[in-house]
Amino acid sequence: MAKLQQSPKAVYIHIPFCTNKCYYCDFNSFVLNGQPVDAYLTALEQEMERTVRLLPPERIDTVFVGGGTPTVLTPPQMTRFLASVQRQFPVSKTAEFTMEANPGTTEADKLAAMREGGVNRISFGVQSFDNGLLERIGRIHSVDDVYRSLELARAAGFSNLSIDLMFGLPGQTPELLEGSVERALALDLPHYSLYGLKVEENTLFHTLYERNELPLPSEEDELAMYLLIMERLKAAGRRQYEISNFARPGFESRHNITYWRNEPYYGLGAGAHGYAQGLRHVNIKGVQPFIDAAGSTLPRMSEERIPEQEAMEDFMMVGLRVLDGVRNADFAAQFPGRSIDSVFGAVLRPLLDTGLLARIEDTDGYGYRLTEQGVPLGNEVFGAFIAVAEK
Ligand code: SF4
């Protein structure tokens, strides 16, 4: 069976509630106050039931609970939610089970409920170790909350911990970023994600940007920040395994690797995307409309079959984000009878000539990866694979 037809081994579940809305955020998240959280958890379980009935999973190797801020659930809600996941999905004993968390939302009793429910990896949205900058981007936690949350997580028995940091923020200088990176590394965590700010539409930052009131760093400074990140993380023994992700060997995010390999995953919750059996779906985004729909059907906003050409382009675009690159053997497993060279030869040539991509040849066949020079120019490379058929 072509790999894309198999039932997914990865599950993404979205909890769309946050204590407040950050100024740069365009995720599907709603301010918690007054939201029907218990009814949402009921709807989620209804969606899980319908999903596994329609496409029964054999074994689940990774679960990722994202948001929003999943850790705004109360301890009893957390226990109830995680029990429903375990009831509906055959989560393997060795699965990676990640939950996103925000500093200041993880008290000891909640962490205990998370562990009890199977969570074994936490990804904290820290963003910066500078209180002024945190305030400026609309985050409500402080640097002290970060230290306290990590201490509590460790005390609760979590060792597979990751933090997200951001760069390219308004008012951020390479020196300020350097301070944050150093404080982050001093925590000696196995995994770090570092994301550049993107000003998305329908955010407060977008409005300010349009009015010329968002003092973003220059492109040169932003590049200097990215290079500094790569250099510091490498010196600290965290291998860059993806454009934005760094880990001690063995601590790479297995769930995210599913996306980067273009492999199928279940996607549940308001606004979540899923990809299974060649179909991509997007769920209804609003909380109440999601709840209303889940009572009688799968709460989907849209579902479409991904044409083979588009799926092949996705394979290259997301696969090249991983620094080990893409392999023709994996491509052929997803697209029987096809090869990377026959489909993308014309796109690859200039990228090889300009030194942004390198060809890999070994006993397993061939593949392609970003070169050191290509990593900071990744977006240029990925863009070359969009809508190749129409070019
Ligand atoms: S915590 Fe995350 S999801 Fe929630 S508003 Fe901030 S950026 Fe968005």
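Residues numbered from 1 in each chain as written. Predicted model: local features only at pLDDT ≥ 70, side-chain atom pairs only at ≥ 80, totals over all residues. Heavy atoms only, no water.

A. Spatial organisation of the overall build of the protein chain. Each helix and strand in the protein chain was counted, giving 14 helices and 17 strands. Relative to its length of 391 residues, the protein chain is compact, with a C-alpha radius of gyration of 21 Å against a globular reference of 21 Å. Overall size of the protein chain, expressed as C-alpha extent along the three principal axes, is 55 × 55 × 45 Å. Residues classed as buried in the protein chain amount to 55% of the 391 residues present. Within the protein chain, counting contacts between residues at least 6 apart in sequence, those at least 24 apart form 71% of the total. Here the protein chain has roughly 17300 Å² of accessible surface; of this, 50% comes from carbon and sulfur atoms. Averaging the coordinates of the 37 positive side-chain charges in the protein chain and doing the same for the 51 negative ones gives two points 6 Å apart. (Helix = DSSP H or I, 4+ residues; strand = E, 2+ residues; numbered from the N terminus. Rg over C-alpha atoms; globule rule 2.2 N^0.38 Å. Buried < 20%, exposed > 50% of the residue type's maximum accessible area, 1.4 Å probe, protein only. Contact = heavy atoms within 4.5 Å. Areas by Shrake-Rupley, 256 points an atom, 1.4 Å probe, with all protein chains shown as cover. Lys, Arg positive; Asp, Glu negative; His and termini not counted. Charge placed at Lys NZ, Arg CZ, Asp CG, Glu CD.)

B. Expanded view of the site of the ligand. Neighbouring residues of the ligand: Cys18, Asn20, Lys21, Cys22, Tyr24, Cys25, Phe27, Ser29, Gly68, Thr69, Asn102 and Arg139. Its residues placed into classes, the shell around the ligand shows 5 nonpolar, 5 polar and 2 charged. (Near = heavy atom within 4 Å. Nonpolar A, V, L, I, M, F, W, Y, C, P; charged D, E, K, R; others polar.)

C. Layout of the packing of helix H2 (residues 75-88) against helix H3 (residues 108-116). Closest axis-to-axis distance for the H2/H3 pair is 9 Å, and the angle between their directions is 5 degrees. Here H3 runs roughly parallel to H2, going by the angle between their axes. Between H2, through Pro75, Met78, Thr79 and Leu82, and H3, the contact on the second element is made entirely by Asp109, Lys110, Ala113 and Met114. Considering only residue class, the contact of H2 with H3 consists of 5 nonpolar, 1 polar and 2 charged. (Axes fitted to C-alpha atoms, helices over the stretch in contact; angles between N-to-C directions. Parallel < 35°, antiparallel > 145°, perpendicular 65-115°, else oblique.)

D. Looking closely at the sheet that holds strand S14 (residues 300-305). The antiparallel open sheet is built from 3 strands, whose spatial order is S12-S13-S14. The outermost strands of the open sheet, each flanked by one partner alone, are strand S12 (273-276) and S14. On average, each strand axis in the sheet is tilted by 15 degrees relative to the strand beside it, whichever way the strands run. As judged from the 5 bridges shared by strand S13 (residues 279-283) and S14, these two strands associate in the antiparallel manner. Of the residues in S14, the one forming a bridge with Val282 is Ser302. (Pairing = 2+ DSSP bridges.)

E. Spatial organisation of a negative patch on the surface. A cluster of acidic side chains, namely Glu175, Glu219, Glu220 and Asp221, defines a negative patch on the protein surface. Take Glu220: it is sitting in helix H8 (residues 219-235). (Patch = residues over 30% accessible without salt bridge, like charges linked within 9 Å, V, L, I, M, F, W, Y side chains within 5 Å. Salt bridge = Lys/Arg side-chain N within 4 Å of Asp/Glu carboxyl O.)

F. Molecular detail of helix H6 (residues 174-186). Taking 1.5 Å of rise per residue, 13 residues should cover 18 Å, and H6 covers 18 Å from first to last C-alpha, within 8% of that figure. The complete set of buried residues in H6 reads Pro174, Leu177, Ser180, Val181, Ala184 and Leu185. Seen end-on, H6 carries its buried residues on one side only, within an arc spanning 130 degrees. Residues Glu175 and Ala186 are exposed on H6 and point more than 90 degrees away from its buried face. Summarising the contacts, the buried residues of H6 are in contact with strand S7 (161-167), strand S8 (191-196) and H8. (Expected span 1.5 Å × (residues − 1). Arc of directions from axis to C-beta.)

G. Spotlight on the pairing of strand S1 (residues 10-15). Taking burial as the measure, the 6 residues of S1 include 6 buried ones, the bulk of the element. Neither face of S1 is open: one carries Ala10, Tyr12 and His14, the other Val11, Ile13 and Ile15, and all of them are buried. Sheet topology places S1 next to strand S4 (residues 60-67); 6 bridges connect them, and they run parallel. In the sheet register, Val11 faces S4, and the bridge partner there is Val63.

H. Looking closely at the confidence of the model for the protein chain. Looking at the protein chain as a whole, the pLDDT averages 96, with 97% of positions reaching at least 70. ipTM for the predicted complex: 0.99, alongside a pTM of 0.96. (pLDDT = per-residue confidence, 0-100.)

I. Here's a closer look at the nonpolar core. Membership of the largest hydrophobic core comes to 102 residues, with the highest contact counts inside it found for Tyr40, Leu44, Phe81, Phe89, Ile163 and Phe385. A total of 7 residues in this core trace back to one element, the largest contributor, which is helix H1 (residues 37-54). Not counting chain neighbours up to four residues away, the residues in contact with Phe89 comprise Val11, Met48, Val52, Pro57, Ile60, Tyr266 and Leu268. Counting residues in each nonpolar core, the second largest holds 11 residues, with Leu197, Phe205, Leu208 and Leu214 among its members. (Core = buried A, V, L, I, M, F, W, Y, C linked by side-chain atoms within 4.5 Å.)

J. Region of the structure containing the packing of aromatic side chains. For the coordinates displayed, the defined rule picks out 16 aromatic pairs. Taken together, a centroid distance of 4.7 Å and an interplanar angle of 75 degrees make the contact between Tyr259 and Tyr265 edge-to-face. A residue is classified by how much of its surface remains accessible, and Tyr265, at 14% relative accessible area, is buried. Relative to Phe385, the ring of Phe344 lies with its centre 5.4 Å away and its plane at 75 degrees, an arrangement referred to as edge-to-face. Of this pair, Phe344 sits in helix H13 (residues 340-353) while Phe385 sits in the segment after helix H14 (378-383), and the two are 41 residues apart along the sequence. With respect to class, Phe344 is no different from Phe385; both count as buried. Among the aromatic residues, ring-to-ring pairing joins Phe315, Phe331, Phe335, Phe344 and Phe385 into one connected group. Its end group placed over the ring of Phe158, Arg115 keeps NZ or CZ at 5.2 Å from the ring centre. (Phe/Tyr/Trp six-rings, centres within 6.5 Å; stacked < 30°, edge-to-face > 60°. Lys NZ or Arg CZ within 6 Å of the ring centre and 35° of its normal.)

K. Fine view of the packing of H1 against H2. Direction vectors running N to C along H1 and H2 enclose 5 degrees, while the axes themselves pass 10 Å from each other. Taken together, the axes of H1 and H2 are roughly parallel relative to one another. Contact residues: Val37, Asp38, Leu41, Thr42, Leu44, Glu45, Met48, Glu49 and Val52 in H1; Gln77, Arg80, Phe81, Ser84, Val85, Arg87 and Gln88 in H2.

L. Structural detail: unusual backbone geometry. Following Gly67, the chain continues to Gly68 via a peptide bond in cis, the omega torsion being 25 degrees. Its place among the elements puts Gly68 in the loop between S4 and H2. For Asn202, which is not glycine, the phi dihedral falls at a positive 60 degrees. By secondary structure assignment, the location of Asn202 is in the loop between S8 and helix H7 (204-210). Under the relative-accessibility criterion, Asn202 is labelled exposed at 75%. Located in the positive-phi region is Gln277, a residue other than glycine, with phi close to 50 degrees.

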